[in-house]
Amino acid sequence: MELSFWEKESYFSHVDVLIVGSGIVGLNAALYLKTQQPALKVLVVERGLLPTGASTRNAGFACFGSPSELLDDLSHHSEEEVFALVERRWRGLQRLRQNLGDQAIDFHRWGGYELFEESQQPLYEACLEQMTYLNKQLQQVTGEQDIYRQADHKIGEFGFKQVAHLIESTAEGQIDTGKMILALTQKVQALGVIVLNGLEIASLQEESAGITALTKQGIAITARAALVATNGFARQLLPQLQVAPARAQVLITKPIPDLRFKGTFHYDRGYYYFRNIGNRVLFGGGRNLDFKTEETTEMGLTNLVQNKLDELLREVILPGTPYEVEQRWSGIMGVGSSKTTIVQPVSQHICCAVRMGGMGVAIGSLVGEEGAALVLEKL
Ligand SMILES: Cc1cc2nc3c(=O)[nH]c(=O)nc-3n(C[C@H](O)[C@H](O)[C@H](O)COP(=O)(O)OP(=O)(O)OC[C@H]3O[C@@H](n4cnc5c(N)ncnc54)[C@H](O)[C@@H]3O)c2cc1C
């Protein structure tokens, strides 16, 4: 399609910053740019009709690490690195809430829990042994005492089976992911950011005074600088980056009268996670059953993962409770060999902010800002 003069002028000319991807990171980058320099022309392009990665498809846990996750991280990273990441997640969540307000994102601090089966007794004991230490470290980050505590007495109340122990995390919360991304989109649009959906960047080229982006739809966009915020899809534009796609599958039940629990729940070292959404249950995970198949940029469901989710829902989470599964879907994350994000310049006028892992709800607001701050240096 040929563009009119008006279309070219209004949408695609004199762009200061082109942001590729309208997930939580891309939109937060746009928010930061417009707050810092309101006169900038910021264009966000999104290839999907909606954001089509992870930001509208996730579980909405406002979490910063369960005890076994932190112990696992401590076995691979230094103490400093581990708690710096916890702090980033904590600060990121505060920023998300400040930016949008708790009501707009339906934030609730109903606590989080880690479940342990009988066969995970050694892991549970290791968590207990380190609980005082972890709580001290967390107190330095959050200012709150005794965030982790034993909660075995709640197993019966919640109605779980095959669960031997529970550890509660009093500072964990949950959000409504759909409301969050909608509020964020509306906020940046109100500030004058142009968000275009259905436009896919096929290539980015460096020019002497900026960049040219070619779209699959045949439109060329020139800008003074660009930020790539495409997370799990990053290598399609920047093949040199160490980011692998990782699909995550979830399901949601129909409303369950008298659902017995509220909160966010981590199970089997975090490979499974579930929460209430009102009186429904959202349940996801099982990527560890077949990492190879799930290393894909294609949305989709597999019987292997979905059958396991069904089994655990029936036997562990809602035993004896009648329920129906209403819907199933998947999302694509961006992961790497370590849990660090990649926020860096990739050439003279192009930067990237990618590799959020399973933490983008928590850190996405900050990572967007960090990416935008790098871009400002390029202008
Ligand atoms: C099922 C699931 C559950 C999760 N649960 C949680 C949780 O509870 N808590 C938590 O903190 N995190 C969770 N996450 C992770 C979190 O959702 C992500 O880390 C976060 O959304 C990543 O945001 P992003 O903006 O970096 O990427 P995305 O949201 O993936 O955004 C990237 C966007 O770029 C677009 N795009 C890609 N290529 C192009 C192109 N060439 N041109 C134009 N647009 C392009 C994509 O369509 C996409 O919309 C979960 C993820 C999934 C999938």
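Sequence order as written defines residue numbering, which begins from 1 separately in each chain. In keeping with the predicted nature of the model, local features appear solely for residues at pLDDT of at least 70, side-chain atom pairs appear and are counted solely at 80 or more, and the whole-chain, interface and lining totals rest on all residues. Water and hydrogen atoms play no part in the side-chain values, which are based on all heavy atoms of the structure.

Going by an unreviewed UniProt entry, the protein chain carries the name FAD dependent oxidoreductase domain-containing protein and comes from Pontibacter lucknowensis.

### Description of helix α2 (residues 24-36)
Between its terminal C-alpha atoms α2 stretches 18 Å, which fits the 18 Å expected from 13 residues at 1.5 Å a residue. Think of it in three bands: residues with accessible area under 20% of the maximum for their type are buried, residues over 50% are exposed, and the middle band is partly exposed, with areas taken using a 1.4 Å probe on protein chains only. Working definition: helices are DSSP H or I runs of at least four residues, strands are E runs of at least two. Numbering for both runs from the N terminus. Counting buried residues along α2, 10 of its 13 residues qualify, which places the element largely inside the surrounding structure. For α2, the set of buried residues is Ile24, Val25, Gly26, Leu27, Asn28, Ala29, Ala30, Leu31, Leu33 and Lys34. Under the convention used throughout, the expected extent of a helix is 1.5 Å for every residue step, that is, one less than its residue count.

### Description of the side chain of Asn28
Relative to the assigned elements, Asn28 resides in helix α2. Given a relative accessible area of 2%, Asn28 falls into the buried group. Definition of a polar contact: a pair of N or O atoms within 3.5 Å, with one able to donate and the other able to accept a hydrogen when the atoms are protein atoms, and with sequence-neighbouring residues admitted only if both atoms are side-chain atoms. Of note is the side chain of Asn28, whose polar atom sits 2.8 Å from the backbone oxygen of Ile24. We call two residues in contact whenever any of their non-hydrogen atoms come within 4.5 Å of each other. Setting aside residues up to four positions removed in sequence, Asn28 forms contacts with Asn99, Leu184, Gly364, Ser365 and Gly368.

### Structural notes on the packing of α2 against helix α9 (residues 177-190)
Relative orientation of the contacting elements α2 and α9 amounts to 30°, with a least axis distance of 9 Å. Classed by the angle they form, the pair α2 and α9 counts as roughly parallel. As for the relative orientation of α2 and α9, their crossing is left-handed in sense. Contacts from Ile24, Leu27, Asn28, Ala30 and Leu31 of α2 reach α9 at Met180, Ile181, Leu184, Thr185, Lys187 and Val188. Classification convention: Asp, Glu, Lys, Arg as charged; Ala, Val, Leu, Ile, Met, Phe, Trp, Tyr, Cys, Pro as nonpolar; all other residues, Gly among them, as polar. Its residues assigned to classes, the contact of α2 with α9 shows 8 nonpolar, 2 polar and 1 charged. Only C-alpha atoms enter the line fits that serve as axes; for helices the fit covers just the stretch in contact. Angles between N-to-C directions range over 0 to 180 degrees. Orientation is classified from the angle alone, with under 35 degrees giving roughly parallel, over 145 giving roughly antiparallel, 65 to 115 giving roughly perpendicular, and any other angle giving oblique. In this scheme the handedness of a crossing depends on how the near helix is turned from the far one: anticlockwise by less than a right angle means left-handed, clockwise means right-handed.

### Looking at the site of the ligand
Nearness is defined per residue: one heavy atom within 4 Å of the molecule or strand is enough. Close contacts around the ligand come from 37 residues, with Glu46, Thr52, Ser55, Phe61 and Ile201 the closest. Contact distances for the ligand include 3.0 Å between an oxygen atom and a backbone N or O atom of Ala54. In the model, an oxygen atom of the ligand is placed 2.5 Å from a nitrogen or oxygen of the Ser55 side chain. Contact with the protein chains hides 98% of the accessible area of the ligand, taken as 1,000 Å² for the molecule alone. When contributions to the shell around the ligand are tallied by element, the ones reaching two or more residues are α2, β2 (42-46), β12 (244-253), β16 (325-335) and α13 (360-378). Top contributing element to the shell around the ligand by residue count: α13, with 3 residues. Surface accessibility follows the Shrake-Rupley procedure with a 1.4 Å probe radius. Residue values consider only the protein chains on display as shielding.

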